[in-house]
Amino acid sequence: MKPIQYGIALFFIIFTITSCNYNSTGTNQNEDTGALNVVINTIGSNEDFDEDGYKLKIGSQTQDVNIQDEVLIEDLSEGIYEIVLTDLQSNCEITNEIPIEVKITAAQTVNKDIQIKCYGILKDKIVYITGKPLSNRELISMGPDGSNKKVISNEPKRFESLVFSSDGTKIAYDYEDGIHVVSSKTYESIYRFGGNYDYSPVFSPDGTSILYTSGLGNDSRIYKLDLNEGWPSSRLLSVVEHEYETHNTPTFSSDGSLIAFTGRIRNQDPIQNNIFILSTNENSLPTKFTDTGNNRNPVFAGDGDRIVFQSSIDQENMDLKVVSIDDKIITNLTNSEEFNEHSPRVSPDGINVAYIQSKPNTNGSAESAIFLINLEDPGNVIRLTEFTTGLINLGNFSPDGNYIVYVKTDSERQQFDEREIYKVDISGTNNPIQLTNNSTSDTDPKWSPVK
């Protein structure tokens, strides 16, 4: 604080301020107006601070302030003022209760401290889960070439469903005691909610809310939690016809205005799932985009105007399809009579779709490989890996969209024990690069979205 130039009467310290949202320090030289002394304090990850500072607005006055600063604003008329601080980086947030309001009294100076916390950004790293299945495991981060492996979890847990926030500052995962949100860089706990039957978290694009699935077995529903409001502010999203018993695989559109998810019809044989889209506006109802077949794993693509999903009709082979949100027209991306195409992943620019193609081999086992298709040129299909009899699980694309990370085993026998992580570039001209090699199982690799 700057020193007060004028004497402070004890009477004013005790009685002048009545609101719990501000503090008073003493008299102001001008008897007709008051003053406001604002102290800006930024804490957290120093290397991820925004050195350009912020913009501070009180009433009609706006000025630039530094990340550590003290500003005296004088000649304010009596009344209630809201202090607005803008131009914060996406990894920074104000820790004060919002809105920040102060009461200005003539001839008085009010002090107000504003604290901004900036979370570290885990840039150009791959985070994955390592350990034996169905046992306590660790979270590991590594460079994009597999170097500098580091344990980032502070204790072994049965981690599941690892996901990054879009700004690279947070990681969410589910565990037997609920869903956890932690700092991606320091593993500091930010939030925990739910219980044993809450799982598969998905961040909104702005990182302020999380979708998750809640329920057991064939009775699950999708909820949304506003991280600023806190638990239990969850709102049931998938309010659809009673015939749908299971709702899962939720995903946000790139602007966060829409949610797509899968709904399974009750007591249907063969199994029938449909794709739904729901606005994030209050009291909206879902729209069904498919009518028949087993339709699953929706992901938004293009500019958020399309959804790619996997689909099979009457237990025939599974293909990839795309539906236009505006006109609900469905077209095939793949159309094979002998292969199954599934598990679509969309590149950051929304144009490329990586997926797994599976086929039976001469020994009666399944063989799988990773393929890439361009939404603007569906005839342009590239095989990225050789076919293998082992397990393949796709992770996600690198921030620049040039690579995709995935899990592979060398044979079906190893699929629960020795899973390793690889990456492959989307050109299809180079061999995959193995990133891990150990006796435990490495799973669920996620590339940080920030390069």
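Computed from a prediction, not measured in an experiment: that's the story for all the values here.

(A) Spotlight on the state of the cysteines. Evaluation of the coordinates by the stated rule reveals one disulfide. Put simply, Cys-92 and Cys-118 are joined by a disulfide, and their sulfur atoms are 2.0 Å apart. On the S-S bond that ties Cys-92 to Cys-118, the torsion sits near 110°, and the link is right-handed. Here Cys-92 is found in strand S7 (residues 92-94), whereas its partner Cys-118 is found in strand S9 (residues 108-118), with 26 residues between them in sequence. Note on accessibility: Cys-92 and Cys-118 belong to one class, buried.

(B) Seen up close, unusual backbone geometry. The omega angle of the peptide bond from Ile-98 to Pro-99 is 0°, so this bond is cis rather than trans. Locating Pro-99 in the fold gives a position in the loop between S7 and strand S8 (100-104). The backbone of Thr-249 sits at a positive phi, close to 45°, despite the residue not being glycine. On the secondary structure map, Thr-249 appears in strand S21 (residues 244-252).

(C) Structural context of the sheet that holds strand S32 (residues 377-383). Spatially, S29-S30-S31-S32 is the arrangement adopted by the four strands of the open sheet, whose pairing is antiparallel. Sheet topology places strand S29 (340-346) and S32 at the edges, where each strand pairs with a single neighbour. Across this sheet, the average inter-strand angle for adjacent strands is 30°, counted without regard to direction.

(D) How the structure looks around the nonpolar core. One finds Leu-36, Leu-56 and Ile-83 to be the most contacted residues of the largest nonpolar core, which totals 23 residues. Mapped by element, the contributors of at least two residues to this core are strand S2 (34-44), strand S3 (54-58), strand S5 (68-76), strand S6 (79-86), S8 and S9. With four residues, the single largest contributor to this core is S9.

What counts, and where the lines are drawn
- Residues numbered from 1 in each chain as written.
- Predicted model: local features only at pLDDT ≥ 70, side-chain atom pairs only at ≥ 80, totals over all residues.
- Heavy atoms only, no water.
- Disulfide = S-S within 2.5 Å.
- Helix = DSSP H or I, 4+ residues; strand = E, 2+ residues; numbered from the N terminus.
- Buried < 20%, exposed > 50% of the residue type's maximum accessible area, 1.4 Å probe, protein only.
- Pairing = 2+ DSSP bridges.
- Axes fitted to C-alpha atoms, helices over the stretch in contact; angles between N-to-C directions.
- Core = buried A, V, L, I, M, F, W, Y, C linked by side-chain atoms within 4.5 Å.

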